[in-house]
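Listed below, chain by chain, are the residues.
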Amino acid sequence: REFRARRSALHAAHPEAAVLAATHWPAGLGPFTAAALYAPTGSEVDPRPLGLVLGREGCRLCLPVVTELGAPLAFRPWTAGEPLVPDALGMAAPGREAEAMTPDVVVTPLLAFDRSGGRMGQGGGYYDRTIEQLRAKGRVFVLGLAFAGQEVEKLPAEDHDQPLDAVLTEAGFRLFAKDR
């Protein structure tokens, strides 16, 4: 509850955060070919400005889809302005007619992050399961998109928790050490 309240307050205080965060994306970090964004809900930082930047760098964009409760996420292509439909969890997602994609960069929403790349999500474990599966298949870059004020000193971590490779906020970009 505390982290949700903090994010809501930050969202209200910094309506420009998403656009500012996108300006901090380091050009040439990839190359990436497919970037998974998310359809923002509530006080989550809107990834669409970052999607514009990634699209200009040649990335195809996609969104996560819950096809089955408790299963890893699927990803389907998405273009700004395309209509979205509720997935199995009721989240806005591309329709079933869209083919599956495998992103090489996954932008994740979060409630909090720590100095070593720990991430606290919404509690369903969807991103942890999905990132673990993607990492088992090859290289994937996991980027937390957040407000700078969502940083905490240390989050508790469990074996299944998947760390961030970097975080992007309205205050800048931070790459986390690989020797966690």
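Structure first, text after, so check above.
Residues numbered from 1 in each chain as written. Predicted model: local features only at pLDDT ≥ 70, side-chain atom pairs only at ≥ 80, totals over all residues. Heavy atoms only, no water.

Colleague: Looking at this structure, I do not really get the sheet that holds strand 2 (residues 60–65). What am I missing?
Modeller: Within a beta sheet, neighbouring strands are joined by backbone hydrogen bonds and run either parallel or antiparallel to one another. Taken in spatial order, the seven strands of this open sheet run 3-2-1-6-9-11-12, and their pairing is mixed. Of all the strands in the sheet, just strand 3 (74–77) and strand 12 (172–175) have a single pairing partner and so form its edges. Strand-to-strand twist in this sheet, taken as the mean axis angle between neighbours without regard to direction, amounts to 25°. Strand direction decides the pairing type here: strand 6 (residues 105–108) and strand 9 (residues 141–145), joined by four bridges, are parallel. Of the residues in strand 9, the one forming a bridge with T108 is G144. Relative to strand 2, helix 3 (residues 48–56) is tilted by about 140°, and along the sheet it contacts strand 1 (34–36), strand 2, strand 6, strand 9 and strand 11 (166–169). Most of the contacts of helix 4 (residues 126–137) go to strand 6, to which it runs at about 165°, and overall it touches strand 2, strand 3, strand 6 and strand 9. (Pairing = 2+ DSSP bridges. Helix = DSSP H or I, 4+ residues; strand = E, 2+ residues; numbered from the N terminus. Axes fitted to C-alpha atoms, helices over the stretch in contact; angles between N-to-C directions. Contact = heavy atoms within 4.5 Å.)

Colleague: What's the story with unusual backbone geometry in this structure? I'm lost.
Modeller: Peptide bonds are, in most cases, trans, and in most cases residues other than glycine have a negative phi. A cis amide bond, omega 10°, links G30 with the succeeding residue P31. Mapped onto the elements of the fold, P31 is located in the loop between helix 2 (17–23) and strand 1.

Colleague: Please clarify how the sheet that holds strand 7 (residues 112–114) should be interpreted in this entry.
Modeller: One open sheet accounts for three strands, arranged 8-7-10; its pairing is mixed. The open sheet has two edge strands, strand 8 (119–120) and strand 10 (151–152), and neither has a second partner. Here strand 7 runs beside strand 8; their pairing, made up of two bridges, is antiparallel. In the strand pairing of strand 8, A112 is matched with M120.

Colleague: What is the right way to read the pairing of strand 11 from this model?
Modeller: One face of the sheet, then the other: side chains in a regular strand alternate in exactly this way. Burial along strand 11 is two-sided: A166 and L168 and V167 and T169, pointing in opposite directions, are all buried. Summarising the sheet, strand 9 and strand 11 pair through three bridges and their orientation is parallel. Its bridge partner being in strand 11, G144 is matched across the sheet by V167. Direction of pairing for strand 11 relative to strand 12: antiparallel, over a ladder of four bridges. Within strand 12, the position partnered with A166 by the bridge is L175. Count of turn residues in the strand 11/strand 12 antiparallel hairpin: two residues. (Buried < 20%, exposed > 50% of the residue type's maximum accessible area, 1.4 Å probe, protein only.)

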